[in-house]
Amino acid sequence: MTTVELLNRKGATKGNLIPDAVLQMLNQGEIETVNLIEWSAIDHKQLINNVFPQLGLGAEVPQLINVLDGIDKPSVMKCVAAVGNYLSAYGIRNNNSEQLYSLFSTHKSDSIRCYACYIIALNNDLTLVERLELARPLIADANFGVREIVWMALRPELVKQLEEIIVYLQRWTTDPDERIRRFITEVTRPKGVWTQTITALKNNPELALPLLEALKSDESLYVQNSVANWLNDASKSQPEFVSSLCMRWANDSNSKATQYIVKRAMRTLNK
């Protein structure tokens, strides 16, 4: 496989179809994953063994391997979170969280950048707003895996200050980057995917109306799907709220974006 073919690959459709050369380079932290199959195939023990000594963290490798060995029913999500939690505690303990975050958040491997999401999210020496601002490069990361991990890492912290953060995130609804705007509805989804339910929004989805209203005609399909998924989640616990909101949006807006969001948001209720 040439360098051009390697960089432009679409990715295998099954784990056992990933070329050995590609998997080796992924586990060495030399290239990024290009799809969920590759992302799920990363051997985090190999990745840590290969990359951490290069980052000056070779002494931490044995303990990190022990941490990974201790995970019950290990998954990629659990491995990333466990390593991220370890690194966050390490950074705080050694008073070098900022340098550690900079080192990991700019690495060429998306899997290494995924660890950085927890380094920043769990740093209680920073306010949540400070963490959100510092996490912006990861929120806008070109790699899908990093973008998903960062909202999952920040979500438990966000729940603790939900109403204040909803107010703060309103300023992000006009950000020129669609990835930043999409983060708003992913991190606040009432039910969420692979993560905890936000009970306050499950019971009172109207708390997020300032965010939803600001994005109801967003020109980005990436954002539109996220807004619709947010409302579809909410429809499972608060169907009347979603039905009423979608009816109002459909009547008040001729925007194709809004009409698309409404149709997709109502998919469960219309079954």
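Residues numbered from 1 in each chain as written. Predicted model: local features only at pLDDT ≥ 70, side-chain atom pairs only at ≥ 80, totals over all residues. Heavy atoms only, no water.

### Points about the overall build of the protein
The following threshold applies: Helix and strand assignments come from DSSP, with helices taken as H or I runs of at least 4 residues and strands as E runs of at least 2, each series counted from the N terminus. With C-alpha atoms as the basis for the radius of gyration, the globule rule is written as 2.2 Å multiplied by the number of residues raised to the power 0.38. Partly exposed residues are those whose accessible area sits between 20% and 50% of the maximum for their type, while under 20% is buried and over 50% is exposed, using a 1.4 Å probe and protein chains only. In what follows, residue pairs with any heavy atoms lying within 4.5 Å of each other are defined as contacts. Working definition of accessibility: Shrake-Rupley area with a 1.4 Å probe, residue cover restricted to the visible protein chains. Positive residues here are Lys and Arg, negative ones are Asp and Glu, while His and the chain termini are left out of the count. Think of each charge as sitting on NZ of Lys, CZ of Arg, CG of Asp or CD of Glu.
Scanning the protein from terminus to terminus reveals 18 helices and 0 strands. In terms of C-alpha radius of gyration, the protein reaches 20 Å, essentially the compact-globule figure of 18 Å for 271 residues. Its C-alpha atoms give the protein principal-axis dimensions of roughly 60 × 45 × 35 Å. Burial analysis of the protein (271 residues in total) assigns 49% to the buried set. At a minimum sequence separation of 6, the contacts of the protein that also span at least 24 residues come to 63%. When the accessible area of the protein is evaluated, it comes to approximately 13000 Å², of which 50% is carbon and sulfur surface. Across the protein, the centroid of the 29 positively charged side chains sits 7 Å from that of the 30 negatively charged ones.

### Some thoughts on the packing of aromatic side chains
Under the convention used in this document: Two aromatic rings from Phe, Tyr or Trp, using only the six-membered ring of Trp, form a pair when their centres are within 6.5 Å; if the ring planes differ by under 30 degrees the pair is stacked, by over 60 it is edge-to-face, and anything between is tilted. The rule is short: NZ of Lys or CZ of Arg within 6 Å of the ring centre and within 35 degrees of the ring normal puts a charge over the ring.
For the structure shown, the criterion picks out 4 aromatic pairs. Consider the rings of W172 and F183, whose centres lie 5.9 Å apart with planes at 45°: the pair is tilted. Of this pair, W172 sits in the loop between α12 (162-169) and α13 (178-187) while F183 is found in helix α13, placing the two residues 11 residues apart along the sequence. The class of F183 is buried, set by a relative accessible area of 3%. Of the aromatic side chains, those joined through ring pairs into one cluster are F52, F104 and Y115. One residue, R136, lies across the ring of W172, its end atom 5.0 Å from the ring centre.

### Here's the deal with empty space enclosed by the protein
Rule in force here: With a 1 Å grid spanning the protein atoms alone, the term cavity applies to any set of points in which a 1.4 Å probe fits but cannot get out, the term pocket to an open set with protein on both sides within 12 Å along at least five of seven lines, and the term lining residue to any residue with an atom within 4 Å of a point. Grid points are joined across faces, edges and corners, and a volume is the space filled by probe spheres set on the points. Under the convention adopted here, Pro, Cys and the residues Ala, Val, Leu, Ile, Met, Phe, Trp and Tyr are nonpolar, Asp, Glu, Lys and Arg are charged, and Gly plus all remaining residues are polar.
If you walk through the whole model with that rule in mind, you get 1 cavity of 30 Å³ or more. A volume near 40 Å³ is recorded for the largest cavity. Surrounding the largest cavity, I139, R147, W151, R179, R182, F183 and Y222 form its lining. Looking at the lining of the largest cavity, the elements with two or more residues in it are α11 (144-160) and α13. When residues of the lining of the largest cavity are assigned to their parent elements, the largest contribution, 3 residues, is made by α13. The class makeup of the residues in the lining of the largest cavity is 4 nonpolar, no polar and 3 charged.

### Things to note about the nonpolar core
Put simply, the test is: Buried Ala, Val, Leu, Ile, Met, Phe, Trp, Tyr and Cys residues that are joined via side-chain atoms within 4.5 Å together make up what is termed a nonpolar core.
Counting residues in each nonpolar core, the largest one holds 84 residues, and the members touching the most others are F52, F104, Y115, L169 and L231. Apart from residues lying up to four places away in sequence, L231 is in contact with L212, F241, V242, L245, C246, W249, I261 and A265.

### Observations concerning the pattern of salt bridges
Once their charged atoms are close, side chains differing in charge can pair, the charge on each being opposite to the other. To keep it simple, the criterion reads: A pairing counts as a salt bridge when a side-chain nitrogen of Lys or Arg comes within 4 Å of a carboxyl oxygen of Asp or Glu.
One pass over the structure, following the stated rule, counts 14 salt bridges. With a closest N to O distance of 3.4 Å, R131 and E157 form a salt bridge. Of the two residues, R131 is situated in helix α9 (residues 128-134) and E157 in helix α11; the sequence distance between them amounts to 26 residues. Accessibility classification places R131 together with E157 in one group, the buried group. Each of E148, R182, E186, R189 and D233 takes part in one network of salt bridges that share partners.

### Observations concerning the layout of surface pockets
Empty space among the atoms becomes apparent when a probe as large as a water molecule is rolled across them. Roughly 250 Å³ of volume is contained in the largest pocket. Along the wall of the largest pocket there are 15 residues; nearest its centre are F144, E148, W151, R182 and W194. Where the lining of the largest pocket is concerned, the elements lending two or more residues are α3 (36-41), α11 and α13. The residue inventory of the lining of the largest pocket, partitioned by class, reads 9 nonpolar, 1 polar and 5 charged.

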